[in-house]
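Chains, contacts and geometry: an overview
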Amino acid sequence: MEQFTGQSILNFIKELPDDDACKAYLAKIKWQDGFTCMKCGHTKGCEKSGYKYQCYGCQHVESSTANTLFHKVKFGLQKAFCVVFEMSTSSKSVSSIQMGKRFDIRQGTAWYFMQKVRNAMKSSQNYPLSELIHVDEFTVGGKEQGKQGRSYDSKKKKAVIAVELSKKQQVKRVYVRSIDDYSAKSLTPIFEEHISTTAQIVTDKWRGYEPLKKRYNIEQKFSDNGKNFKELHIIIMQLKSWLRAIPTHVTKWHIQAYFDEFCFRINRSQFKQSIFHKTIERMVIAKPIYHKDIKQTLSV
Ligand SMILES: [Zn+2]
């Protein structure tokens, strides 16, 4: 199989029926441009059984999972592929509790692996938003009130969102970033990482955006209770309701990973056919993440 396409769970099971098939799938991606030894950098080697490669330089035998986000997955590669399939192809994914039950993995283990998948879903920052962009701040968690605007409730987690709209005012792409406060300094990174300096940007009247006008083309409009930013507020509502479905408290430390997952699915909703393969590809390219890198506190 070249690459898995589509969203059919029946095809998925047929084409990737066991751990070996998944190992082969990873090997194909990992060594598609030839072999480079991860120990010594040598580029000559030979294929070994079990989808491994042996280096002619240092004799090290490398598996197809080594140095990827599938490194040392203890519950089996096929289950790991299933988790990625669920997270990438479904419109909302599921909690680690449900994921654990569905694939017979301990909840904590499922959560930990899902954080790795979210890490692979992080934006490459290679394709900044470049057309009409609406930017606004919002909060998640804590008590929800009906009113719009900046909340200073310390229990709530603050975020800033940038939405790219088409000429027909349809949402094209979305980025969300966790912020500590509403200062210009905290609002700057989402511009630098995700918005082109040539884009036409609209924000509300908040003064935190003022200093950014030097570099960006920003128009400030009254929000009018969100009416001037209708599409953006629909996305915020979707994000909030998705986060509410996650059973327990999401810490501030982890919330960015959930934002990244949410945006990844929205930004690739036109490319659902290849979304599973793309996610696997990113997990092969990514550097391994270890337990110490993911503080596993309170999150599900
Ligand atoms: Zn080597």
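These numbers were taken from a predicted model, which means no experiment stands behind them.

What to know about the packing of aromatic side chains
Overall, the coordinates contain 20 aromatic pairs when judged by the stated rule. With a centroid separation of 5.6 Å and an interplanar angle of 85°, the aromatic rings of Phe4 and Phe12 are classed as edge-to-face. Accessibility expressed as a relative area gives 0% for Phe4, which makes it buried. In this structure Phe12 comes out as buried when scored by relative accessible area, which is 1%. When the ring of Phe12 is compared with that of Phe85, the centres are 4.2 Å apart and the planes differ by 25°; the resulting orientation is stacked.

Observations regarding the coordination of the zinc ion
The protein atoms that coordinate the zinc ion are Cys37 (SG), Cys40 (SG), Cys55 (SG) and Cys58 (SG), at distances spanning 2.3 to 2.4 Å. Every donor counted, the four donor atoms about the zinc ion form angles of 102 to 115° at the centre, which fits tetrahedral coordination. Site description for the zinc ion: donor spacing in sequence, C-x2-C-x14-C-x2-C. Classification of Cys55 by relative accessible area gives buried; the value is 0%.

Side note on the pairing of strand β8 (residues 217-220)
Residues Ile218 and Gln220 point to one face of β8 and are all buried, whereas Asn217 and Glu219, pointing to the other face, are not buried. With four bridges connecting them, strand β7 (residues 200-203) and β8 associate as parallel partners. Across the sheet, the residue bridging to Ile201 is Ile218, located in β8.

Focus: the sheet that holds β8
A sheet is described by the order of its strands in space; here five strands give the open sequence β6-β5-β4-β7-β8, paired in mixed fashion. Every other strand in the sheet has two partners, leaving β6 (171-179) and β8 as the edge strands with one partner each. Within this sheet the neighbouring strands show an average axis-to-axis angle of 25°, counted without direction. In the packing of helix α6 (residues 184-194) onto the sheet, contacts are made with β4 (132-140), β5 (157-165), β6, β7 and β8, and the angle to β6 comes to roughly 140°. In this fold helix α7 (residues 230-244) packs onto β4, β5 and β6, with an angle of close to 35° to the strand it touches most, β4.

Considering the pattern of salt bridges
Taken as a whole and judged by the stated rule, the model has 12 salt bridges. With a closest N to O distance of 2.8 Å, Lys30 and Glu62 form a salt bridge. Here Glu62 lies in strand β3 (residues 61-63) and Lys30 lies in helix α2 (residues 19-30), a separation of 32 residues in the sequence. Its salt-bridge partner being Arg265, residue Glu261 comes within 2.8 Å of it at the nearest N-O pair. Taken as a pair, Glu261 and Arg265 lie in helix α8 (residues 252-267) at a separation of four residues, close to a single helical turn. For Glu261, a relative accessible area of 0% gives the class buried.

Comments concerning the packing of helix α3 (residues 77-89) against helix α5 (residues 107-120)
Packing of α3 against α5 brings their axes to within 11 Å, and their N-to-C directions diverge by 55°. By the criterion of interaxial angle, the relationship of α3 to α5 is oblique. Read as a crossing pair, α3 and α5 show a hand that is right-handed. On α5, the residues that touch Ala80, Val83, Val84 and Met87 of α3 are Phe113, Met114, Val117 and Arg118. Residues of the contact of α3 with α5, tallied by class, amount to seven nonpolar, no polar and one charged.

What counts as what
- Residues numbered from 1 in each chain as written.
- Predicted model: local features only at pLDDT ≥ 70, side-chain atom pairs only at ≥ 80, totals over all residues.
- Heavy atoms only, no water.
- Phe/Tyr/Trp six-rings, centres within 6.5 Å; stacked < 30°, edge-to-face > 60°.
- Buried < 20%, exposed > 50% of the residue type's maximum accessible area, 1.4 Å probe, protein only.
- Donors = N, O, S within 2.8 Å, 3.2 Å for Na, K, Ca; no water.
- Tetrahedral: all angles 85-135°; square planar, octahedral: opposite > 155°, others 65-115°.
- Helix = DSSP H or I, 4+ residues; strand = E, 2+ residues; numbered from the N terminus.
- Pairing = 2+ DSSP bridges.
- Axes fitted to C-alpha atoms, helices over the stretch in contact; angles between N-to-C directions.
- Contact = heavy atoms within 4.5 Å.
- Salt bridge = Lys/Arg side-chain N within 4 Å of Asp/Glu carboxyl O.
- Parallel < 35°, antiparallel > 145°, perpendicular 65-115°, else oblique.
- Left-handed = near helix turned anticlockwise from the far one by under 90°.
- Nonpolar A, V, L, I, M, F, W, Y, C, P; charged D, E, K, R; others polar.

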